[in-house]
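What the coordinates show
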Amino acid sequence: MSNNGKPLTRADIDAADDQILQTHYVEGWRGQVTLRGLNGDGLFEFERVIGLTKGDNAKENEEDGRLKLIARCLTDPSGNRLYTDSPADLAALGKKSGKVLQQLYGACMDINGYTKKDMEELTAPNPFARTSDSGSGSA
């Protein structure tokens, strides 16, 4: 076990400024964007929303999840969101260059500690979901 620093108290943790803001140059837009790492509440809310969209349309869920993650991370330099989760904002963001969105998505995953496998699990169809054509269970 490594001992890197003093044991933290609750006051130390509460006072820690751990908000992550990163600036990324986007060649396709010829400028810089700011990405904000989600706080715990934002991260868990994102996972909850993505989890609610699970179903038979895994590809659509993955695309929707990608746009929602980018929308939640893309901010002005002060950390205020530029896009909401509204269908109109997601549609506007979805019209942007796929290459740029891939670049931003990768950076958003990294800043929030997600791996590709994490996102696949979040957007995968639920194998336990009930379907309308399931049997009655009677033999």
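Residues numbered from 1 in each chain as written. Predicted model: local features only at pLDDT ≥ 70, side-chain atom pairs only at ≥ 80, totals over all residues. Heavy atoms only, no water.

**Looking at the pairing of strand β2 (residues 31-36)**
Put simply, the test is: A pair of strands counts as paired when DSSP detects no fewer than two bridges linking them. A helix here means a DSSP run of H or I that spans at least four residues, while a strand means a run of E at least two residues long, and both kinds are numbered starting from the N terminus.
Note that strand β1 (residues 21-26) and β2 share six bridges and pair antiparallel. Looking across to β2, one finds that Y25 is bridged to Q32. Between β1 and the antiparallel strand that follows it, β2, lie four residues; R30 among them carries a positive phi value of about 55°.

**With respect to unusual backbone geometry**
Glycine aside, negative phi is the norm for most residues, and most peptide bonds take the trans geometry. Short version of the rule: Exposure is judged per residue with a 1.4 Å probe applied to protein chains only, and the accessible area is read against the type maximum: over 50% gives exposed, under 20% gives buried, and values in between give partly exposed.
A positive phi is found at R30, a non-glycine position, where the angle reads about 55°. Taking relative accessible area as the criterion, R30 reaches 71% and is therefore assigned exposed.

**Here's the deal with the side chain of N112**
Under the convention used in this document: Contacts are assigned to residue pairs with any non-hydrogen atoms lying within 4.5 Å of each other.
With respect to the helices, strands and loops of the structure, N112 is situated in the loop between α5 (98-111) and α6 (116-123). Residue classification places N112 among the buried positions, given a relative accessible area of 13%. Residue contacts for N112: discarding those within four places in its chain leaves G37, L38, L43, L69 and C73.

**What to know about the sheet that holds strand β3 (residues 74-75)**
The strands that make up a sheet pair up through hydrogen bonds in the backbone, lying either parallel or antiparallel. The strand order across the open sheet built from three strands is β1-β2-β3, with neighbouring strands paired in antiparallel fashion. One side of each edge strand has no neighbouring strand; the edge strands of this open sheet are β1 and β3. As paired elements, β2 and β3 share two bridges and run antiparallel to each other. Counted as the bridge partner of T34 is T75 from β3.

**Brief notes about the confidence of the model for the protein chain**
Put simply, the rule reads: pLDDT: the predictor's confidence for each residue, scored from 0 to 100.
Looking at the protein chain as a whole, its pLDDT mean stands at 83, while 78% of the residues score no less than 70. Here α6 is the element of the protein chain with the lowest mean pLDDT, 76, and β3 is the one with the highest, 98. Taken as a whole, residues 130-136 scores under 50 in pLDDT and shows zero contacts with residues more than four places along the chain or in a different chain.

**So, the side chain of T34**
Tracing the chain through its elements places T34 in strand β2. Residues contacting T34, with those up to four places away along its chain left out, are L21, Q22, T23, C73, L74, T75, D76 and P77.

**Focus: the pattern of salt bridges**
What counts here: Salt bridges are defined by distance alone: a side-chain nitrogen of Lys or Arg within 4 Å of a carboxyl oxygen of Asp or Glu.
Across all of its chains, the model carries five salt bridges by this definition. The residue R10 makes a salt bridge to D14 at a minimum N-O spacing of 3.1 Å. Here R10 pairs with D14, and both are found in helix α1 (residues 10-15), just four residues apart, close to one helical turn. For R48, the salt bridge is made with E45, and the minimal N-O distance between the two is 2.9 Å. Placement of both R48 and E45 in helix α2 (residues 40-52) is noted, with a separation of three residues, approximately one turn of the helix.

**A word on the environment of I70**
Checked against the element boundaries, I70 lands in helix α3 (residues 58-73). We classify I70 as buried; its relative accessible area is 1%. Between the C-alpha atoms of I70 and D85, which are 15 residues apart in sequence, the distance is 9.9 Å. Once residues lying within four places of it in the same chain are set aside, the contact partners of I70 are L93, L101, L104, Y105 and C108.

**With respect to the nonpolar core**
The cut-off we apply is this: Among buried residues, those of type Ala, Val, Leu, Ile, Met, Phe, Trp, Tyr and Cys that are joined through side-chain atoms within 4.5 Å constitute a nonpolar core.
L35, L69 and Y114 are the most contacted members of the largest nonpolar core, which has 26 residues in total. Of all elements in the fold, only β2, α2, α3, α4 (87-94), α5 and α6 reach the threshold of two or more residues within this core. A per-element tally of this core places α5 first, with eight residues. The contact partners of Y114, leaving out residues within four places of it in the chain, are L43, F46, E47, L69, M109, M119 and L122.

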